[in-house]
Amino acid sequence: MQQYSSLPEQNSPIDATPTLLTTIQQLSTELWLERSLNQLQSDLNDCLLSACNTLPQQRSTEAEIFQILVNDLNHALNSSKVAIALFQPQEITGRVCYVSPSSSRRSQLPHLETISKKGKKLRLRLDEPIELEDLQHLEHQQPPSAWQLSDDSGGMIAWLIIATASKRLDGDPTKALEAQMKPQLVARAVNYCNVALAQLKQLQSWQQKSQYLSSSNRELERTNQLKNQFLANTSHEIRTPLSSIIGFTHLLLAQSYDPTKERHQEYLNIIQSSGKHLLALINDILDLSKIEANQLEVEWGIVNVPTLCRNVMALVKEKAANKGLKLLLDIDPNVTTLVADSLRLKQMLLNLLFNALKFTTTGSVGLRVLAKGSFVHFTVWDTGAGISPEDQAKLFQPYFQISNSIVARHEGTGLGLAVTRKLAEVHGGSVEVESELNRGSRFTIILPLNPVGDLEGIEGEVSDLSALPPIIHAPSSFIDILLVENDLNNAKLMQIYLEKLGYQVTWAKNAAEMWEFLETLTPAVILMDVNLPDDSGLNLVRQLRENQQYSEIPIIAQTAMAMTGDRDTCLAAGVNDYISKPIDLPLLANLVAKYSKPE
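Residues numbered from 1 in each chain as written. Predicted model: local features only at pLDDT ≥ 70, side-chain atom pairs only at ≥ 80, totals over all residues. Heavy atoms only, no water.

J.: Looking at this model, I keep getting lost on the pairing of strand β2 (residues 93-99). Mind explaining?
T.: Consecutive side chains of a regular strand alternate in pointing toward one face of the sheet and then the other. In the sheet, strand β1 (residues 80-87) pairs with β2 via four bridges, with the strands oriented antiparallel. In the strand pairing of β2, alanine 85 is matched with valine 96. Counted between consecutive antiparallel strands, the loop separating β1 from β2 contains five residues, among which glutamine 90 sits at a positive phi close to 70°. Of the strand pairs in this sheet, β2 and strand β5 (residues 129-131) are connected by three bridges, and their pairing is antiparallel. Across the sheet, threonine 93 pairs through a bridge with glutamate 131, a residue of β5. (Pairing = 2+ DSSP bridges. Helix = DSSP H or I, 4+ residues; strand = E, 2+ residues; numbered from the N terminus.)

What follows is the structure, encoded as structure tokens:
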């Protein structure tokens, strides 16, 4: 029987065992490396995914990313201490802000310390100061112990620090392989962290853009609602007086107007009142829009406060007398002048006084002016119906009108108080209200004495706000006026009015007719419409000024243009004066008389 030896023969397959073990150890180490990196990548992805679903603060998410890096590397490198230090831009000293947790078993291990270039020990403890120079030294040694994570474009600069305890690796080839692969692990982990930080920045940018777009959409929706409300309110407010104008005009036409009939005079009064109401509404809308667009022109000047207040009270005197109300004026003798726009201040006071008269049936209405420090208080008070707290909260909203049985719904535009507050704010002041139901109201305009600096910077003299000058009567002899007007009704209105005053008015419907009439006519004044069918009125003015034959003829522009800068545009074209539509006939007569006087 053949005998077999139990000892392996020379060159048998068992000799390959060391090579197989080495391969297994190598694969195990590579598996450790990939598993560690996969875990880090998974944790970073979870962090970013969480940030996608919330609205995080950038710093808090960065902190979470840094802590994930520290914890995962600490788990993979179980014989090392892992930390992250943060530096402010341009600073050479930072602080340790993230440190891997230490178990009680490992807390005394010497790997809590590492040696710097200067031979000192760097303690990796929370809030421990650390020098940039030391980290740069550790970054360049072999193997490195520090890695710069990111330069946040002016934000924090982060450094990863790993301190490894001295430990014998004899007889543990797996640990030796892991030690060899440690630089690769850390380098790839740092790259993963930097990618995550870059993705976080991009995510934050997208979220900010999303928030901006969402906010913009909400603002557009709100603006659209306000626009719709504005159009609805404006349509109602405009249609109300227009209905009266059209309706009563129809009655007059149907009944063959007779100036001796009392009801026909009443119809005309209603038409005129409705027209003024419509004009007031349009003016308030224009004022409000110009203020909102920051296009309101303020003519600063030194205003004589007592004179202005007396003139304002004179304008409301008749209305107060018609209602049997006392009208009182009380001015602090210390209040003499104020830096303001006199016309706008007058507008504010008239708004408040007309409101007070509207809501007061018995008693009195007054204006009290007091000096308080560097401010002047204009208080309009009344003994009227008063305003509930609920209505007071809405008073300064455009178009809001208080429901009251003593006041017709269509009386007023609902914009007066909104415009008044805006005008006060333009002057650097404010408006306050105090009121109690059935006990009256007090509206106070508070304006600074000098909102624009030293009074020396204000040109002009103290404003004398006396009433408008009386109409200047036309001379007895005929004076030729050339009216260049596209609109038939406006042209007839001005022609009839001026001819009754004694002027000879020639009407040109367009630019071609104007040049034709000028061949045989030398007018004393040209009334020029700005918008004509065949040319611009302002362009015609320039052509007239360039023609020596017509360059000295006074030109008055009449136009519906009423926005900021329109008057300056007309004057710059070469007109002598400007009047806006609807035409104020007495003012037109004054201007024509002024410029038609012989030299």
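Continuing now.
J.: Quick question: what am I supposed to make of helix α7 (residues 342-358) here?
T.: Helical periodicity: at 3.6 residues per turn, an α-helix aligns residues three or four positions apart in one direction. Between its terminal C-alpha atoms α7 stretches 24 Å, which fits the 24 Å expected from 17 residues at 1.5 Å a residue. Among the residues of α7, the N-terminal cap falls to aspartate 341, whose side-chain oxygen and the backbone nitrogen of leucine 343 are separated by 3.1 Å. (Expected span 1.5 Å × (residues − 1). Polar contact = N/O pair within 3.5 Å; in protein donor to acceptor, adjacent residues only side chain to side chain.)

J.: Even after reading the chapter, I still don't get the environment of leucine 350, so can you show me in this structure?
T.: Of note, leucine 350 is situated in helix α7. Between the C-alpha atom of leucine 350 and that of valine 312, which follows or precedes it by 38 residues, the distance is 6.6 Å. In this structure, leucine 350 is in contact with Val312, Leu315 and Val316, ignoring residues within four places of it in sequence. (Contact = heavy atoms within 4.5 Å.)

J.: Would you take a moment to explain the state of the cysteines for this structure?
T.: Linking two cysteines covalently via their sulfur atoms produces the bond known as a disulfide. For the structure shown, the criterion picks out zero disulfides. In this structure cysteine 52 is not part of a disulfide, and its nearest cysteine sulfur, from cysteine 47, lies 9.8 Å away. On the basis of relative accessible area, cysteine 52 is assigned to the partly exposed category, the value being 44%. (Disulfide = S-S within 2.5 Å. Buried < 20%, exposed > 50% of the residue type's maximum accessible area, 1.4 Å probe, protein only.)

J.: Hey, could you run me through the sheet that holds strand β13 (residues 430-436) in this one?
T.: For sheets, the rule is that strands pair by backbone hydrogen bonds, running either parallel or antiparallel. Taken together, five strands build an open sheet; the order of strands is β9-β11-β12-β14-β13 and the sheet is mixed. Strands at the two margins of the open sheet, each flanked by one partner only, are β9 (326-331) and β13. Mean inter-strand twist for the sheet, computed between neighbouring axes without regard to direction, equals 15°. Across the sheet, helix α6 (residues 305-322) lies against β9, β11 (364-372) and β12 (375-382), angled at about 175° from β9, the strand it touches most. (Axes fitted to C-alpha atoms, helices over the stretch in contact; angles between N-to-C directions.)

J.: Would you take a moment to explain a nonpolar patch on the surface for this structure?
T.: A cluster of nonpolar side chains, Leu20, Leu21 and Ile24, forms an exposed patch at the surface whose accessible area comes to about 290 Å². Residue classification places leucine 20 among the exposed residues on the basis of a relative accessible area of 53%. (Patch = residues over 30% accessible without salt bridge, like charges linked within 9 Å, V, L, I, M, F, W, Y side chains within 5 Å. Areas by Shrake-Rupley, 256 points an atom, 1.4 Å probe, with all protein chains shown as cover. Salt bridge = Lys/Arg side-chain N within 4 Å of Asp/Glu carboxyl O.)

J.: Mind showing me how you'd approach the pattern of salt bridges here?
T.: If charged atoms from side chains of opposite charge come close, those side chains can pair. Going through the model one piece at a time under the given rule, you end up with four salt bridges. A salt bridge links arginine 368 to aspartate 330, with the nearest nitrogen and oxygen atoms 3.6 Å apart. With a gap of 38 residues between them, arginine 368 in strand β11 and aspartate 330 in strand β9 connect regions that are remote in the sequence. Residue arginine 368 is classed as partly exposed on the basis of its relative accessible area, which comes to 27%.

J.: What exactly am I supposed to notice about unusual backbone geometry here?
T.: If a residue is not glycine, its phi is most likely negative; likewise, a peptide bond is most likely trans. Glutamine 142 connects to proline 143 through a cis peptide bond whose omega is -10°. Turning to its location among the elements, proline 143 is positioned in the loop between α3 (132-140) and β6 (146-151). Even without being a glycine, glutamine 90 presents a positive backbone phi close to 70°. You can call glutamine 90 exposed: its relative accessible area is 78%. For aspartate 127, which is not glycine, the phi torsion reads 70° and is therefore positive. Here aspartate 127 is to be found in the loop between β4 (121-123) and β5.

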